[in-house]
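One letter stands for each residue in the lines below.
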Amino acid sequence: MRGETAVEGEGAMDARTQTGRGHGFGGLGMILGNGWLDFGVIGVAGMLASFALATVWGPAEAQMNKKAGVERGVFGKLDDSTAIEVFTLRNSKGAAAKIITYGGTLTELWVPDRTGKTGDVVLGFDDLKGYLGDHPHFGGVIGRYANRIAKGKFSIDGQEYTLATNNGPNTLHGGTVGFDHRVWKGEPISGAKGAAVRLTYVSPDGEEHFPGTLTASVVYTLTEDNALKIEYTGTTDKPTAVNLTNHSYFNLSGGGDVLGYTVTLNASRYTPVDSTLIPTGELAAVKGTAYDFTKPMTIGSRIAELAKVKELGGYDINYIVDGESGKLRMAANVVDPASGREMEVWTTEPGVQMYTANWLDGSIHGKRGVAYGRYGAVCLETQHYPDSVNHANFPSAILRPGATYHTETIYKFSAK
């Protein structure tokens, strides 16, 4: 699965060596007054009381009994003693989101089911050690270029750039060490419409062989209507390729597979791919294919047709979101009949990649010791199309000095 010549799915693990090892603190955090953490004021006794509360109640009960706002704590440390922070966003309805500064990763997202019971709906790990190892990009911010670039090459203004190839013959998710394996700087945001944190990362000129120093920021906001809004911003000092997304794996039941989920996509076209999962350049109609979700369909109803194709194993394709690119519009709707949870995906991006965790095989044990199996989640990654830098007929993914990259995606939850 790692470094083989056969191309695996969109979430396939790339080969890398991670030297850091963390020792997690379970996202320990405390609320002081307006919901902000200040270890300089809170004593050791208070910290121990908070830890005991989380241990006795468990994560669901503990988070239901805390104030809306932002908590700031320590998730673990790298071998060089760099502290990885965790920011917990809460609203007054009992929803919560946890984001760490390693990879800008969304580690937990607690939303209610039809009975009002909250559950964690994203895959991931309990501690930092899991995120430092090989895994299929659980919850991370993907960059500098999400998805694939053919043969690891692209040109800007006649200058060719050659990247590392880490997915068969192609570059996937930013190269050998993408943004989801970098340390970001985090800070809570006051005055936002909900509990919010801003993460910033400066990618130097030449990192992973991309041109230009890119200053990227991602703002996560948990709103009062149980929506997680993600805003991406970037500026550069040289023309460069930019395509940022979040790679969360959603399981609305909190376990089992997603084959019974009903999906509707606001997409009448998609970008067909070759045997290495690079777009051919065609913008094809979904009508009459297994890719058609213009009307509600269960994920499992036609997945067998795609599973026969060894390079795919299931759904792993970019959809062209109908409507005007750059305008916020609905891209997808997902309903889990078991829990009653419903997720709407809204975006300003031109595309969304649907990936059904085709390459999870039970070998990865995540949060609470759960083994993550095939089709155990669905990813809906809003994006520019894969390999846009090599297709003149695709929306441009080139950012130039003086311009600002800005996109917005919202994952909105309800239950019925």
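Let us look at the structure shown here. (Residues numbered from 1 in each chain as written. Predicted model: local features only at pLDDT ≥ 70, side-chain atom pairs only at ≥ 80, totals over all residues. Heavy atoms only, no water.)

### Focus: the overall build of the chain
Looking only at helices and strands, the chain features three helices and 29 strands. Partitioning the contacts of the chain with sequence separation of at least 6, the portion at a separation of at least 24 is 67%. For the chain, the accessible surface area stands at approximately 15800 Å², while carbon and sulfur atoms represent 54% of it. (Helix = DSSP H or I, 4+ residues; strand = E, 2+ residues; numbered from the N terminus. Contact = heavy atoms within 4.5 Å. Areas by Shrake-Rupley, 256 points an atom, 1.4 Å probe, with all protein chains shown as cover.)

### Thoughts on empty space enclosed by the protein
Under the defined criterion, the tally for this structure stands at two cavities of 30 Å³ or more. When its volume is computed, the largest cavity comes out at roughly 50 Å³. Forming the walls of the largest cavity are Asn147, Arg148, Thr271, Val273, Leu277, Pro279, Asp316, Ile317, Asn318, Gln353 and Pro386. Looking at the lining of the largest cavity, the element that brings in the most residues is strand β21 (residues 316–320), giving three residues. Partitioned by chemical class, the residues of the lining of the largest cavity number five nonpolar, four polar and two charged. Quantified by volume, the second largest cavity comes out at close to 30 Å³. Lining the second largest cavity are Tyr102, Thr105, Tyr131, His135, His137, Phe138, Gly140 and Asp180. When grouped by side-chain class, the residues that make up the lining of the second largest cavity number three nonpolar, four polar and one charged. (1 Å grid on protein atoms, 1.4 Å probe; cavity = no way out; pocket = protein on both sides within 12 Å on 5 of 7 lines; lining within 4 Å. Points joined across faces, edges and corners; volume = space filled by probe spheres on them. Nonpolar A, V, L, I, M, F, W, Y, C, P; charged D, E, K, R; others polar.)

### Quick word on the pairing of β21
When you tally the buried positions in β21, you get five out of five residues, the bulk of the element. Neither face of β21 is left uncovered, since the one carrying Asp316, Asn318 and Ile320 and the one carrying Ile317 and Tyr319 both have all their residues buried. Two strands pair when backbone bridges link them, and strand β18 (residues 269–270) and β21 are joined in this way by two bridges, in the antiparallel orientation. Counterpart to Arg269 in the pairing with β21 is Ile320. Bridge count between β21 and strand β24 (residues 351–355): five bridges; the pairing is antiparallel. When the bridges of β24 are listed, Asp316 appears paired with Tyr355. (Buried < 20%, exposed > 50% of the residue type's maximum accessible area, 1.4 Å probe, protein only. Pairing = 2+ DSSP bridges.)

### A short note on the nonpolar core
With 64 residues, the main nonpolar core has Leu109, Tyr220, Tyr315, Tyr319 and Leu380 as its most contacted residues. Counting residues in hydrophobic clusters, the runner-up holds 20 residues, among them Phe75, Leu78, Ile100 and Ala357. (Core = buried A, V, L, I, M, F, W, Y, C linked by side-chain atoms within 4.5 Å.)

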